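The residues making up each chain are set out below.
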Amino acid sequence: MIKASQLSYAYGPCPIFSDLSFHINVGEIVAILGPNGAGKTTLMKVLCGDLLPTSGQVVFAGKPLRKWEPRKLAQRRAVLPQASTLDFAFNVEEVVLMGRTPHLQGGERPVDMQICRDALQRVDMLNYWGRLYTTLSGGERQRIHLARVLAQLWEIPAEMPSCLFLDEPTSNLDLSHQHSTLKVASEFVAKGHTSVIVLHDLNLALKHADRVIVLHRGKIHDQGPTAEVLTPDLIENVFGVKAHYVRIPGQNVYSVVTTSL
Amino acid sequence: MSPLLQSYRSLLLAVLSLLLVLVILFACTVGSMDISIGQIVHIIAAHLHLPVSAEGFTPAQDSVVWAVRLPRVLFGVLIGASLALTGAAMQGLFRNPLADPGLLGISAGGSMGVIIAIVFGSTLFSAFPLVLRQAMLPICSILGSLGATLLVYNLSRVRGRTHATTMLLTGIAVNGLASSVVGTGMYIASNEQLREYSFWHLGSLGRAAWPVVFICSICIIPMMWVLCTQARALNAFLLGESEAWHLGINVQRVKRLIICVTAAMVGVGVAYCGVISFLGLIVPHLVRMLIGPDHRWLMPGSILAGAILLVSADLTARTVVTPSELPIGVITAFFGAPFFFFLLSIRKRNVR
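For clarity, every value in this text was computed on a predicted model and none was experimentally measured.

1. Description of helix α1 (residues 40-47) of chain A
Then, number 1: In terms of burial, α1(A) is largely enclosed, as 6 of its 8 residues are buried.
Then, number 2: Residues A:Lys40, A:Thr42, A:Leu43, A:Met44, A:Val46 and A:Leu47 constitute the buried set of α1(A).

Shown next, in the form of structure tokens:
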């Protein structure tokens, strides 16, 4: 789905990361992990085409990213940014309908309204229909934007795999919505698509991500299947904390607990 | 969007249209000569070769309405609509409801062009034929507006993208530069040139005549149409520039288009009737309160409301101190500035 080769990016003279190469396959959730300032968000911006890499290239669905026409690209990939600032008093459903922008020629069709309804239902916010966006809390706004990006990639056939980029989607959310957000991403990927997620919470990565890419000091420290990569050693080296795996009682599931060194 | 909301918005646009027609007719009745609305309708119908009797009005009334009042009112409609629409587009582009074409230095650039044309025109353009010499003032104003906007736009581009904050700050610098040029021009201007400049500077629809109305319609109406086609892109811009790009909008192209079209529109308007401040700021605000922030409704609403407000302001300008008249910019600023303070105080209260 996405092939990155020898990607480097620098803000002026400051290199953010250099020489990153990796693949992201159709049908997997890949989490990008790393401490603050490791270049996770910048990497995400390069992968979704916001920023042009200083060198190297990104191939998206078999075609170099910069050769994609914006509208065609938007029909295949959606991006949920860390925080969206929208100071204008739209209704909730109008914000979600904006996700349909790349699919529309004239006005909205009834099918777009239905998709908007379904997407709001998926994030558990259908009862907010008609509310003013500006009256919502941070977490509620975040879920509205999740519905918007879901609406953007709604019912795209699996032969045209698409990619959902989520940049720290759980930052404003309570515990149960953190899980439900990642479950929404899993359901999306299960239909034959892909999702790339920047995460901080190692446990969420363990539970939901198929593979992880660990960034550290502008390099890929390690990448591979989540459980194999996230060893206590790696966590100590990259994040500077001591990690212990604890078995959840009654289940064959492990959780990672961290303490300071 | 529920059907109820949709019909509410359509109804609102219909009401505004009706109001505009009434304001146009009413504005034609006001002046030193008494003419009733019925007579106005008769006169207009007669000129449009509609089958009405030519009995209900005198030739004097006919010439006052047709040659003086109607072109002025229609000119007001055109300029008001274009100023308000420009304001709506700029506020969308900058995602800032306090943005205004004036902030970008567009009007200041126009003023700069005009003072140059007035002060140095007689020497610079003396070799030109008369027709061209008369056209130099509008041409200089348009060039000034476009030049200022291009300067702001190019200075504020960082790595191929424009940052709204940088752009607004550069706009402030351009405003400063323009006012220094205008100040220098006024210092070396003769008394007569100074009077000409200050009359123009404060704005007036007094220049209106059919040829001016005609030229302005040809320039402005197609540009208004172009701006309205960008409504959906502007909606996406409200989410942010990156988000608009994620939604498939060709951000740089849309931005360039909107900047050039708004600069040209303001340039044309400013050339023929001077600086009319605050209309572009206030009208989109009022309309947004009534109709919501969706540009597909906001833009037509602003066109109608801008026309209504400017025709009313002109009506005030030419009646409060009869037989003389006030510059229209004085009226719009007099009512606009307090409204602007009111908006700022609301924003202050809303900051949490």
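Continuing now.
2. Let's talk about the nonpolar core
Then, number 1: In this structure, A:Ile2, A:Leu47 and B:Phe75 are the most contacted members of the largest nonpolar core, which totals 186 residues.
Then, number 2: It is helix α3 (residues 59-93) of chain B that provides the largest number of residues to this core, a total of 15 residues.
Then, number 3: There are two domains that each give this core at least three residues, and those are domain 1 (1-76 + 162-176 + 183-231) and domain 2 (85-155) of chain A.
Then, number 4: With sequence-adjacent residues up to four places away left out, A:Leu47 is seen in contact with A:Ile2, A:Ala4, A:Leu7, A:Phe22, A:Ile32, A:Val58, A:Leu65 and A:Phe165.

3. With respect to helix α9 (residues 232-239) of chain A
Residues and elements named next belong to chain A.
Then, number 1: Here α9 has its buried residues at Leu-234, Ile-235 and Val-238. Axial view of α9: buried residues confined to an arc of 100°, hence all on one face. In α9, the exposed positions that point more than 90 degrees away from the buried face belong to Asp-233 and Asn-237.
Then, number 2: Looking at the packing, one finds that the buried side of α9 touches α7 (202-208), β9 (211-216), β10 (219-225), α8 (226-229), β11 (241-247) and β12 (254-260).
Then, number 3: Positive phi appears at Gly-240, one or two residues downstream of α9, with a value of about 70°.

4. Some points on the packing of aromatic side chains
Each pair of aromatic rings is reported with the distance of its centres and the angle of its planes.
Then, number 1: Following the criterion strictly, the structure yields 6 aromatic pairs over all chains and no others.
Then, number 2: Ring geometry for B:Trp66 versus B:Trp210: centroids 5.1 Å apart, planes at 40°, classification tilted. Residue B:Trp66 is located in helix α3, and its partner B:Trp210 is located in helix α8 (residues 210-229); the two are separated by 144 residues in the primary sequence.
Then, number 3: Note on B:Trp210: relative accessible area 29%, which makes it partly exposed.
Then, number 4: Seen from the ring of A:Trp129, A:Arg117 lies directly overhead, with NZ or CZ sitting 4.4 Å from the centre.
Then, number 5: Positioned over the ring face of A:Trp154 is A:Lys191, at 5.8 Å from the centre of the ring.

5. Focus: the domain arrangement of chain A
Residues and elements named next belong to chain A.
Then, number 1: Taken domain by domain, chain A holds domain 1 (1-76 + 162-176 + 183-231) and domain 2 (85-155).
Then, number 2: Domain 1 and domain 2 are separated by 24 Å when their C-alpha centres are compared.
Then, number 3: Domain 1 puts 17 residues into the contact, and the matching count from domain 2 is 15 residues.
Then, number 4: Both sides of the domain 1 and domain 2 interface together cover about 1,300 Å² of buried area, and 60% of this is carbon and sulfur.
Then, number 5: At the surface where domain 1 touches domain 2, the tally comes to 1 salt bridge.
Then, number 6: On the surface where domain 1 and domain 2 come into contact, there are 6 residue pairs in polar contact (both at pLDDT 80 or more).
Then, number 7: When residues of the side of domain 1 that touches domain 2 are traced back to their parent elements, those giving at least two are α2 (70-74), β7 (163-167) and α6 (175-190).
Then, number 8: A class-by-class count of the residues in the side of domain 1 that touches domain 2 yields 8 nonpolar, 4 polar and 5 charged.

6. What to know about a nonpolar patch on the surface
Residues and elements named next belong to chain B.
Then, number 1: The grouping of Ile-116, Phe-120, Leu-124, Tyr-187 and Ile-188 at the surface amounts to a nonpolar patch, some 540 Å² of accessible area in total.
Then, number 2: At the level of secondary structure, the elements contributing two or more residues to the nonpolar patch comprise α4 (106-124) and α6 (164-188).
Then, number 3: Among the structural elements, Ile-188 can be located in helix α6.

7. Quick word on the pairing of strand β1 (residues 2-11) of chain A
Residue and element names in this part refer to chain A.
Then, number 1: Strand direction decides the pairing type here: β1 and strand β2 (residues 14-24), joined by 7 bridges, are antiparallel. Among the inter-strand pairings, Tyr-11 is bridged to a residue of β2, identified as Cys-14.
Then, number 2: Where β1 lies against strand β4 (residues 55-60), 5 bridges are found, and the strand directions are antiparallel. Its bridge partner being in β4, Ser-8 is matched across the sheet by Ser-55.

8. So, the sheet that holds β9(A)
Residue and element names in this part refer to chain A.
Then, number 1: Strand order in this open sheet of 6 strands is β6-β7-β8-β3-β9-β10, and the pairing throughout is mixed. Every interior strand has two partners, whereas the edge strands, β6 (77-80) and β10, have only one. Each neighbouring strand pair of the sheet contributes to a mean axis angle of 15°, computed without reference to strand direction.
Then, number 2: Relative to β10, β9 runs antiparallel, the two sharing 6 bridges. Counted as the bridge partner of Ile-213 is Gln-223 from β10.
Then, number 3: Running at roughly 175° to β6, helix α5 (residues 138-152) makes contact with β6 and β7 of the sheet.
Then, number 4: Sheet strands in contact with α6 are β3 (29-33), β7 and β8 (194-198), and its direction is about 155° off that of β8.

9. Comments concerning the packing of helix α1 (residues 3-29) of chain B against helix α2 (residues 37-47) of chain B
Residue and element names in this part refer to chain B.
Then, number 1: Running from amino to carboxyl end, α1 crosses α2 at an angle of 100°, the nearest separation of the two axes being 9 Å. By the angle between their directions, the pair α1 and α2 is classed as roughly perpendicular. Taking contact as the criterion, the partners of Leu-25, Phe-26, Cys-28 and Thr-29 in α1 are, on α2, Ile-37, Ile-40, Val-41 and Ile-44.

10. So, the environment of A:Pro232
All names here are of chain A.
Then, number 1: The topology assignment puts Pro-232 in helix α9.
Then, number 2: Residue class for Pro-232 comes out partly exposed when judged on its relative accessible area of 36%.
Then, number 3: Along the primary structure Pro-232 and Leu-33 are separated by 199 residues, whereas in three dimensions their C-alpha atoms are 15 Å apart.
Then, number 4: If we ignore the near neighbours within four places in the chain, the residues touching Pro-232 are Ala-243 and Tyr-245.

11. A word on the interface of chain B and chain A
Then, number 1: Between chain B and chain A, the residue contacts involve 26 residues of the former and 38 residues of the latter.
Then, number 2: Summed over both partners, the interface of chain B with chain A buries about 2,600 Å², with 55% contributed by carbon and sulfur atoms.
Then, number 3: Linking chain B with chain A are 3 salt bridges.
Then, number 4: Between B:Arg9 and A:Glu94 there is a salt bridge whose closest N-O contact spans 3.2 Å.
Then, number 5: Where chain B packs against chain A, one counts 7 residue pairs in polar contact (both at pLDDT 80 or more).
Then, number 6: Elements represented by at least two residues in the side of chain B that touches chain A include exactly α1, α9 (231-239) and α10 (241-246) of chain B.

Criteria and thresholds
Residues numbered from 1 in each chain as written. Chains lettered and ligands numbered in written order. Predicted model: local features only at pLDDT ≥ 70, side-chain atom pairs only at ≥ 80, totals over all residues. Heavy atoms only, no water. Buried < 20%, exposed > 50% of the residue type's maximum accessible area, 1.4 Å probe, protein only. Helix = DSSP H or I, 4+ residues; strand = E, 2+ residues; numbered from the N terminus. Core = buried A, V, L, I, M, F, W, Y, C linked by side-chain atoms within 4.5 Å. Domains from an automatic or database assignment. Contact = heavy atoms within 4.5 Å. Arc of directions from axis to C-beta. Phe/Tyr/Trp six-rings, centres within 6.5 Å; stacked < 30°, edge-to-face > 60°. Lys NZ or Arg CZ within 6 Å of the ring centre and 35° of its normal. Buried area = accessible area lost by both parts, 1.4 Å probe. Salt bridge = Lys/Arg side-chain N within 4 Å of Asp/Glu carboxyl O. Polar contact = N/O pair within 3.5 Å; in protein donor to acceptor, adjacent residues only side chain to side chain. Nonpolar A, V, L, I, M, F, W, Y, C, P; charged D, E, K, R; others polar. Patch = residues over 30% accessible without salt bridge, like charges linked within 9 Å, V, L, I, M, F, W, Y side chains within 5 Å. Areas by Shrake-Rupley, 256 points an atom, 1.4 Å probe, with all protein chains shown as cover. Pairing = 2+ DSSP bridges. Axes fitted to C-alpha atoms, helices over the stretch in contact; angles between N-to-C directions. Parallel < 35°, antiparallel > 145°, perpendicular 65-115°, else oblique.

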